Amino acid sequence: QSVLTQPPSTSGTPGQRVTISCSGSKSHIGRNAVNWYQVFPGSAPKLLIYNNNQRPSGVPDRFSASKSGTSASLAISGLQSEDEADYYCAVWDDGLGGHVVFGGGTKLTVL
Amino acid sequence: QVQLQESGPGLLKPSETLSLTCNVSGDSISRNYWSWIRQPPGGGLEWIAFMRLSANTKYNPSLKSRVVVSADTSKNQISLQLSAVTASDTAVYYCARTGSYPYYYYAMDVWGQGTTVVVSS
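Quick summary incoming for the structure in this document.

Cut-offs applied
Residues numbered from 1 in each chain as written. Chains lettered and ligands numbered in written order. Predicted model: local features only at pLDDT ≥ 70, side-chain atom pairs only at ≥ 80, totals over all residues. Heavy atoms only, no water. Helix = DSSP H or I, 4+ residues; strand = E, 2+ residues; numbered from the N terminus. Salt bridge = Lys/Arg side-chain N within 4 Å of Asp/Glu carboxyl O. Phe/Tyr/Trp six-rings, centres within 6.5 Å; stacked < 30°, edge-to-face > 60°. Buried < 20%, exposed > 50% of the residue type's maximum accessible area, 1.4 Å probe, protein only. Contact = heavy atoms within 4.5 Å. Buried area = accessible area lost by both parts, 1.4 Å probe. Polar contact = N/O pair within 3.5 Å; in protein donor to acceptor, adjacent residues only side chain to side chain. 1 Å grid on protein atoms, 1.4 Å probe; cavity = no way out; pocket = protein on both sides within 12 Å on 5 of 7 lines; lining within 4 Å. Points joined across faces, edges and corners; volume = space filled by probe spheres on them. Nonpolar A, V, L, I, M, F, W, Y, C, P; charged D, E, K, R; others polar.

Once that is clear, we can look at unusual backbone geometry. Leaving glycine out, the prevailing phi sign among residues is negative, and the prevailing peptide bond configuration is trans. Residue and element names in this part refer to chain B. With omega at 0°, the peptide bond leading from Tyr-101 into Pro-102 counts as cis. Locating Pro-102 in the fold gives a position in the loop between β9 (91–98) and β10 (108–111). Despite not being glycine, Ser-15 shows a phi value in the positive range, around 80°. In this fold, Ser-15 is placed in the loop between β2 (11–12) and β3 (18–25). Phi at Ala-84 is positive, roughly 50°, even though this residue is not glycine.

Rendered as structure tokens:
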């Protein structure tokens, strides 16, 4: 069980806006930048958001993210069928010598 | 273009030691951090460790006692050893470039395709 809490699943219809939450604590989200990854079945993860709200080159601006206190969220607007994937938040945890932690992941279904 | 390619045994027996390598092309392992991550069947991502040649290696506390990460600069590759494996170590194992400009804060921007490891007697 991860120290970062994400909803196991969420869904939306094409064109909708969906958000995925990532809840943590002061030792990680409260102090460090959050990154988000997109994972399609059978494929390697892809960096979707870095440093809380920055998009790597090539990531559509439909994807956005924010952080407040000990929680972060990923938003996908104008939902498309190809957005159906698993999404993970990740952050540096200062505890126990320092290590990276991933959220449990959220499966997004486009109805 | 930076590319990472993992390789490993595929199948191990319980109590054996898993050894994986990650060949890096298009970048030098002397720069950046390099992570190992795994994903068990039907499960989520789990960070294992990362290393940087000029800095301390960091480990997942739950795996630290069984993990060794090393580098071979002559081959531009990093390696992972995981000892005393059990069925719960069955997973797809990935290596990933970590913390490369501008992807600070340990963001992993380039990933290998992953290698499947099955632990079974």
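Picking up after the structure, the text goes on.
Once that is clear, we can look at the pattern of salt bridges. When their charged atoms lie close together, side chains carrying opposite charge are able to pair. Taken as a whole and assessed by the stated rule, the structure comprises 8 salt bridges over all chains. The network of salt bridges with common partners includes Asp-27, Arg-31, Arg-97 and Asp-109 of chain B.

Overall, the coordinates contain 11 aromatic pairs over all chains when judged by the stated rule. When the ring of Trp-92 of chain A is compared with that of Phe-50 of chain B, the centres are 5.6 Å apart and the planes differ by 20°; the resulting orientation is stacked. Residue Trp-92 of chain A is located in strand β7 (residues 85–93), and its partner Phe-50 of chain B is located in strand β5 (residues 46–52); the two belong to separate chains. Classification of Trp-92 of chain A by relative accessible area gives buried; the value is 9%. Following the ring pairs from residue to residue traces out a cluster consisting of Trp-92 of chain A together with Tyr-33, Trp-47, Phe-50 and Tyr-106 of chain B.

Our focus in this paragraph is the interface of chain A and chain B. When the parts come together, some accessible area is lost, and that loss is often what is quoted as the size of the interface. Chain A puts 21 residues into the contact, and the matching count from chain B is 23 residues. The contact between chain A and chain B buries some 1,800 Å² in all, and 70% of this surface belongs to carbon and sulfur atoms. Seen at the junction of chain A and chain B, the total is 0 salt bridges. Applying the counting rule to chain A against chain B returns 5 residue pairs in polar contact (both at pLDDT 80 or more). Among the secondary structure elements, those contributing two or more residues to the side of chain A that touches chain B are β3 (34–39), β7 and β8 (99–102) of chain A.

Gaps left between atoms are located by rolling a probe of water-molecule size over the structure's atoms. Here the largest pocket defines a volume of roughly 310 Å³. In terms of lining residues, the largest pocket is bounded by 17 residues, among which Gln-1, Ser-2 and Phe-102 of chain A together with Leu-45 and Glu-46 of chain B are the most central. Elements that contribute at least two residues to the lining of the largest pocket include exactly β8 of chain A together with β5 of chain B. Taken together, the residues of the lining of the largest pocket break down into 7 nonpolar, 8 polar and 2 charged.

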